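The residues making up each chain are set out below.
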Amino acid sequence: MKKRLKNGFILLFASVFIGLILLFLIFCLPVNSVKKNVEASLYNMVDVRYDDDGSQFRKNLLEQKEYFTDYLMAQNAMEKVEGKSPLAHAIYIYHYDLGDDTTWLTEESLVTSVKQGTEGMYLKEYSKYWHGYLVWLKPLLMIMSWDAVEIFLVVVQILLLLAVVAISFYKKKPYVGIMVLVALAFMKPVRIWISFSMCVSFTITLIAVLLELLYFDKLEKKNWRDEFFILIGIMTAYMDFLTYPIVTLGIPLCTYVVMKAQEELHWFARIRQIFWMGACWVAGYIGMWGMKWVVAELFYQTGTLRNAVWSVIYRTSPLDGRQSFFSGAPRTWNLVMQQYDSPLYTVLFVAIVAAAVISSVWCMIKARNKNWGISLFALCVIATAPIVWLILTQNHTAIHCGFTFRIMGASVFALCSITACSLLTLRNKGNYETKKDN
């Protein structure tokens, strides 16, 4: 326990230090080339939507894109406020906006600041997030246009997905790659691939699964499970905008449970391992995010910590503030489910649930054992994690249901994992009986 806490604190504080230094260095970089590349892309970023003769393909693409946040990311990458130090930029993430204190007009503000300058605009900050995405976004925008960065990130994400699928087959664990593809289908992948803000959580998830496939034995031998999940939580808090972060826990944890399911291990030890991996992700995620507020308060004492705490309280309340906490949850659930607007989702989900139930019942009759039982229980708990997240963050989840619905990808992956775990147990039972007969 002491070693676990020691390693956790070392990783957290090292990550805070490294993360702050990286952002400081990023804001030491010049912004002229960033502004030029963004300006060169304004037509495809914004204006094409209002051009009757513009590319219909590009218009359709923008309809799929989460451009409100993407435009804010562009502003954050090209902002350099006179009189503000790189450290202040790293902590507060300034940007100019045409809206007042309660309104953000990211599209209009981006166009105005690029074409006309920032005179007469409001200076705003967004200190409650780390904005670690700037570590990769700003350097890319220094050397290529926004359009080119879009293409680059799409290629990277597809290659990463193909790598996960290919290596899962190479490692003789094809179920991992197949489950990733099924979960992705429930997360509307096109919108993930083309939106800078939407791709972060799933990219972290794919990298985590890829590392599990490649280095699972080493993680086990070195007993680095807890550290691995702490780092996933830390990276999610550092890079993400609170989009659908629970996926970065659910999918890697399910992958680990299924890959470990056939190993002989005392039931209590197995439960303890799974619990601590989940707890370590939570500690890394909350710890890294919370440390951003602490660091801001330590350096500037301007109420960042207090404002962030009130923001958390607000975001965990029901949507309109008039319903009780529990009555607001069904409303949030309905808003999330409305994002699955095609009957194909219903058909596929029913098939996934049926496969999980049938394979579990079959395994219970033919090949049940303690390893399978504990793994099944753990996967059922993980499947409910997005629902718990939905209840705890119902205001944010409801308001932004157009992208927060992707938390359900973790539940879909968990249900697929139940099927995989049961089929693997049945196969091993069959192999054992065949060897016994011989």
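Residues numbered from 1 in each chain as written. Predicted model: local features only at pLDDT ≥ 70, side-chain atom pairs only at ≥ 80, totals over all residues. Heavy atoms only, no water.

Looking now at the overall build of the protein. Counting secondary structure elements, the protein contains 22 helices and 2 strands. Taking 438 residues into account, the globule formula puts the C-alpha radius of gyration at 22 Å, and the protein, at 23 Å, falls close to it. With respect to the three principal axes, the spread of C-alpha positions in the protein is 85 × 55 × 50 Å. Within the span of the protein, comprising 438 residues, buried residues form 53% of the whole. Across the protein, contacts joining residues at least 24 apart in sequence account for 79% of those joining residues at least 6 apart. (Helix = DSSP H or I, 4+ residues; strand = E, 2+ residues; numbered from the N terminus. Rg over C-alpha atoms; globule rule 2.2 N^0.38 Å. Buried < 20%, exposed > 50% of the residue type's maximum accessible area, 1.4 Å probe, protein only. Contact = heavy atoms within 4.5 Å.)

One pass over the full model with this rule turns up 24 aromatic pairs. Between F9 and F13, the ring centres sit 6.1 Å apart and the planes meet at 15 degrees, which makes this aromatic pair stacked. Highlighted residues: F9 and F13, both in helix α1 (residues 2–26), separated by 4 residues, approximately one helical turn. What makes F13 partly exposed here is its relative accessible area of 44%. Taking 6.3 Å as the distance between ring centres and 70 degrees as the angle between the ring planes, the aromatic pair formed by W136 and F196 counts as edge-to-face. Of this pair, W136 sits in helix α8 (residues 134–143) while F196 sits in helix α12 (residues 196–221), and the two are 60 residues apart along the sequence. (Phe/Tyr/Trp six-rings, centres within 6.5 Å; stacked < 30°, edge-to-face > 60°.)

To continue, consider the packing of helix α14 (residues 247–260) against helix α19 (residues 370–392). The contact between α14 and α19 brings their axes to 10 Å, and the two run at 175 degrees. Relative to α19, the element α14 is oriented roughly antiparallel. On α19, the residues that touch G250, L253, C254, V257 and V258 of α14 are S375, L379 and I382. Of the residues assigned to the contact of α14 with α19, the class counts are 6 nonpolar, 2 polar and no charged. (Axes fitted to C-alpha atoms, helices over the stretch in contact; angles between N-to-C directions. Parallel < 35°, antiparallel > 145°, perpendicular 65-115°, else oblique. Nonpolar A, V, L, I, M, F, W, Y, C, P; charged D, E, K, R; others polar.)

Per the stated rule, a full pass over the model turns up 8 salt bridges. Note that E150 is salt-bridged to K65, the shortest N-O span being 3.1 Å. With E150 in helix α9 (residues 146–170) and K65 in the loop between α4 (56–64) and α5 (67–78), this pair connects stretches of sequence that are 85 residues apart. According to the relative accessible area criterion, E150 is buried, its value standing at 10%. The class for K65 is buried, based on a relative accessible area of 7%. (Salt bridge = Lys/Arg side-chain N within 4 Å of Asp/Glu carboxyl O.)

The next subject is the packing of α9 against α12. The interhelical angle for the contact between α9 and α12, taken along N-to-C directions, is 30 degrees, at an axis separation of 10 Å. Compared by their axis directions, α9 and α12 come out roughly parallel. Crossing hand, α9 versus α12: left-handed. Across the interface between the two elements, W146, V149, E150, L153, Q157, L160, L161, A163, V164, I167 and S168 from α9 touch F196, C199, T203, L206, I207, V209, L210, L213 and L214 from α12. Residues of the contact of α9 with α12, tallied by class, amount to 16 nonpolar, 3 polar and 1 charged. (Left-handed = near helix turned anticlockwise from the far one by under 90°.)

Looking now at the confidence of the model for the protein. Within the protein, residue pLDDT values average 88, and 92% of them lie at 70 or more. When the elements of the protein are averaged for pLDDT, helix α16 (residues 304–315) gives the smallest value, 60, and helix α10 (residues 174–185) the largest, 96. (pLDDT = per-residue confidence, 0-100.)

By size, the foremost hydrophobic cluster in this structure holds 130 residues, and its most contacted members are L110, F202 and F229. Leave out the neighbours within four places in its chain, and F229 touches E212, L249, P252, L253, M277, C280 and W281. (Core = buried A, V, L, I, M, F, W, Y, C linked by side-chain atoms within 4.5 Å.)

For α1, built from 25 residues, the straight-helix expectation of 36 Å at 1.5 Å per residue is met to within 8% by its first-to-last C-alpha distance of 36 Å. Among all positions of α1, only G8, L12, S15, V16, G19, L20, L23 and I26 are buried. Looking at the packing, one finds that the buried side of α1 touches α6 (86–92), α8, α13 (225–239) and α15 (267–300). (Expected span 1.5 Å × (residues − 1).)

Let us now look at unusual backbone geometry. You will see that I93, though not glycine, has its phi angle at about 50 degrees, which is positive. Its location among the elements puts I93 in the loop between α6 and β1 (95–97).

Among the structural elements, S109 can be located in helix α7 (residues 106–115). For S109, a relative accessible area of 0% translates into the label buried. Taking the C-alpha atoms as reference points, S109 and Y122, separated by 13 residues in sequence, lie 9.7 Å from one another. When residues no more than four places from it in sequence are discounted, the contact partners of S109 are Q75, Y96, D97, L98 and M121.

A cluster of nonpolar side chains, F17, I18, I21, L22, F24 and L25, forms an exposed patch at the surface whose accessible area comes to about 540 Å². Checked against the element boundaries, F24 lands in helix α1. (Patch = residues over 30% accessible without salt bridge, like charges linked within 9 Å, V, L, I, M, F, W, Y side chains within 5 Å. Areas by Shrake-Rupley, 256 points an atom, 1.4 Å probe, with all protein chains shown as cover.)

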